[in-house]
Amino acid sequence: MLFTKKAAAVWLSLAFERVLTAQTPLSSHAPSSFYPGIESDLGQWNLDEGPGVNATGHLVFETANSLLQHWANTRHRIGHTIIPGTIPVGTLLYHGVLFGPHLPTAMNWVSVEPDHSILFCRGKIETGCWHLTLAVTRPMKVLYFDGNSAAKIPEGTMDTQDLVAWSKMKPEWVWNERQRIRDLCKWGQKHGVNGFVRMEMNFEIMICNFTSHMEVVSFLNIETTRFYIEGDTGLPVGPDAVLHAFESVHCASWRENYPGETRIMLDFSELVSFYDTALVPSLVPRRAGLDRGDHRVGGISPEDIERVQDRLAQALARPPSITSGIDWKTVLRVVVDRYASRLEFIQHLLNLSLDDGSIFDHAQQIQRQLRTVLLPYTVFAALPPNTSVTANATNSWAAPVFRECATSQAASIAYRGTSLTPSERLLLQAVRETTHEICRVVTKMWASGMNSGVDAFYPPEQRPEVDHIHTLTGEWKEDVTQLISWLDWSVWVKCRPACGFEEMCYLPTWPFGFPTTRPAQWDSGSLWPDPNKGEWKRLQPKCIRRREPYSF
């Protein structure tokens, strides 16, 4: 028995030594707090100091994180990002021919889904219509405008395209698509761009030259859909019109959320954002006090337009070999994955109604959730003695935890320094500002819970008064509600309760229900929402049927 105990002790000692050896650092990098650019002075990590009123890092973060995702770009229709991309070899694209069996040879539109392009396949019932399938034969350079950038409405969905094509907004040309594609392609020719990606009811590409980069896979004479949009109401007209409208929305739902439309590869290192206050300072006062849904690119100064065009030209001319190689799409998504569901769950717990008898146990549950979020960053040396934490009325002792949490995602990227492009430095700052505020709020809530005596690891000598716990949870609820509102991540916008199997979650989508010629006289019995009311301005998700009778 003694031998067995000694053997076990020796084994544990060797195992522990092996673990320590296995954890030898792979490089000589210092801890994140000592990376160049990471301020080690704890005085700047004030848990009571929120973001500036004109801060836009969180807006750059969420727009970049939402690129090519249908849900987020339906919800926020007014685009604020222009970014180069590539369509890979072998990608299939689709085109519905409007007039007769004639292959396009110059400028025209293609869709990424046949359910979308078929809506534009026109012909007589007796003769059918012609539908074209194409395959990309060499990498196609494109430029993507985010938002609902193919929605032909006067509130600014096409502002960023106008700036590229004409160096100014032309809302009176919102329906002048032929002129738009001609002038965009004329600009693109100077920069090697052969297509412009936009989002209508699904993603489409304005192709500048059908004889370049693509080959015909099939050109089929198919049954015509007999689908039209009535101009006065924006409603589909035809025997199966609502069916085709639903299916066009349904196929778009496949690209609703991350990773979005994967057949277009975006170059985040060359992203141009109108939320970049250094690049576009003239829009800062234009946004002051406005909800994000009211942000517009309209009102930008001529000087800022020129800077944007110069930045785009530089981005399109820069060889890929001189970028950092950082996968920014994943960097952004890792932050969302880490915090989105946990913040949402904490908010859910704080919204529950509880009686006085269960409030203490409930507060301890929430405190454990907060502790879990911060555990990887809880510097042991920063923790106060468990006998003195409640006597400390401030949260200043938690500053090291705040700092480690806030810098963890970006420290190694910041260490790269000059290898980053201007766009990458903007994205780095967006990650920093976003994680700084998340970690500030969560650390503040956790430290307050410890100070208030609801942390099970730091039990107080006497259980806190019920009124004191209600005050704490009320402050927590306000903190997390403000944080979620400030972040405004579209991943939190969903149908509640979740839709049934014969339903899908839907956001009102252009063009269905938008009048396209003059204000409509609304039919209250229609399947479609009233375009003159607030539902279109502040879109709210709802469950719609996936089978007849359809309803929107």
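Note that the structure is predicted; figures quoted are calculated from it, not measured.

The rules we used
- Residues numbered from 1 in each chain as written.
- Predicted model: local features only at pLDDT ≥ 70, side-chain atom pairs only at ≥ 80, totals over all residues.
- Heavy atoms only, no water.
- Patch = residues over 30% accessible without salt bridge, like charges linked within 9 Å, V, L, I, M, F, W, Y side chains within 5 Å.
- Areas by Shrake-Rupley, 256 points an atom, 1.4 Å probe, with all protein chains shown as cover.
- Salt bridge = Lys/Arg side-chain N within 4 Å of Asp/Glu carboxyl O.
- Helix = DSSP H or I, 4+ residues; strand = E, 2+ residues; numbered from the N terminus.
- Buried < 20%, exposed > 50% of the residue type's maximum accessible area, 1.4 Å probe, protein only.
- Pairing = 2+ DSSP bridges.
- Disulfide = S-S within 2.5 Å.
- Contact = heavy atoms within 4.5 Å.
- Axes fitted to C-alpha atoms, helices over the stretch in contact; angles between N-to-C directions.
- Parallel < 35°, antiparallel > 145°, perpendicular 65-115°, else oblique.
- Left-handed = near helix turned anticlockwise from the far one by under 90°.
- Nonpolar A, V, L, I, M, F, W, Y, C, P; charged D, E, K, R; others polar.

## Section: a nonpolar patch on the surface
On the surface, a cluster of nonpolar side chains totalling about 310 Å² of accessible area is made up of Leu 98, Phe 99 and Phe 120. Structurally, Phe 120 is set in the loop between α4 (114-117) and β4 (129-136). Residue Phe 120 is classed as partly exposed on the basis of its relative accessible area of 31%.

## Side note on the pairing of strand β6 (residues 195-199)
When a strand is regular, its side chains alternate between the sheet's two faces. Counting buried residues along β6, five of its five residues qualify, which places the element largely inside the surrounding structure. Here β6 shows no split at all, with Gly 195, Val 197 and Met 199 on one side and Phe 196 and Arg 198 on the other all buried. As judged from the three bridges shared by strand β5 (residues 140-145) and β6, these two strands associate in the parallel manner. Considered in β6, the bridge of Tyr 144 is made with Val 197. Bridge count for β6 against strand β7 (residues 203-207) is five bridges, and the pairing is antiparallel. The residue of β7 that forms the bridge with Val 197 is Ile 205. What sits between β6 and β7 in their antiparallel hairpin is a turn of three residues.

## A word on the state of the cysteines
A complete count under the given rule lists five disulfides for this structure. Here Cys 495 connects covalently by a disulfide to Cys 505, the sulfurs 2.0 Å from one another. With the S-S bond torsion at 95 degrees, the cross-link from Cys 495 to Cys 505 turns out right-handed. Placement of Cys 495 in the loop between α15 (466-487) and β13 (503-506) and of Cys 505 in strand β13 is noted, with a sequence separation of 10 residues between them. The pair Cys 495 / Cys 505 is uniform in exposure class, with both members buried. For the protein, the bonded cysteines pair up as 1-2, 3-4, 5-6, 7-9, 8-10 when numbered in the order they occur along the sequence.

## Topic: helix α2 (residues 57-65)
An α-helix turns once every 3.6 residues. As a result, residues three or four positions apart point the same way. Within α2, nine of the nine residues are buried, which leaves it mostly tucked inside the rest of the structure. Those residues of α2 that sit buried are Gly 57, His 58, Leu 59, Val 60, Phe 61, Glu 62, Thr 63, Ala 64 and Asn 65. Of the surrounding elements, those touching the buried residues of α2 are β1 (81-87), β12 (272-273), α10 (328-351), α14 (422-452) and α15.

## A word on the environment of Val 441
Residue position: Val 441 is located in helix α14. When its relative accessible area of 4% is taken as the criterion, Val 441 is described as buried. Sequence spacing of Val 441 and Gln 482 is 41 residues, and the spatial spacing of their C-alpha atoms is 9.4 Å. Setting aside chain neighbours within four positions, we find Val 441 in contact with Asp 479 and Leu 483.

## Notes on the packing of helix α5 (residues 159-166) against helix α6 (residues 177-189)
The geometry of a pair of packed helices is captured by two quantities: the angle between their axes and the separation between those axes. Look at α5 against α6: their axes get within 8 Å of each other, and the N-to-C directions meet at 60 degrees. Relative to α6, the element α5 is oriented oblique. Classified by chirality, the crossing of α6 by α5 is left-handed. Residues Gln 161, Asp 162, Val 164, Ala 165 and Trp 166 of α5 pack against Gln 179, Arg 180, Asp 183, Leu 184 and Trp 187 of α6. Taken together, the residues that form the contact of α5 with α6 break down as five nonpolar, two polar and three charged.

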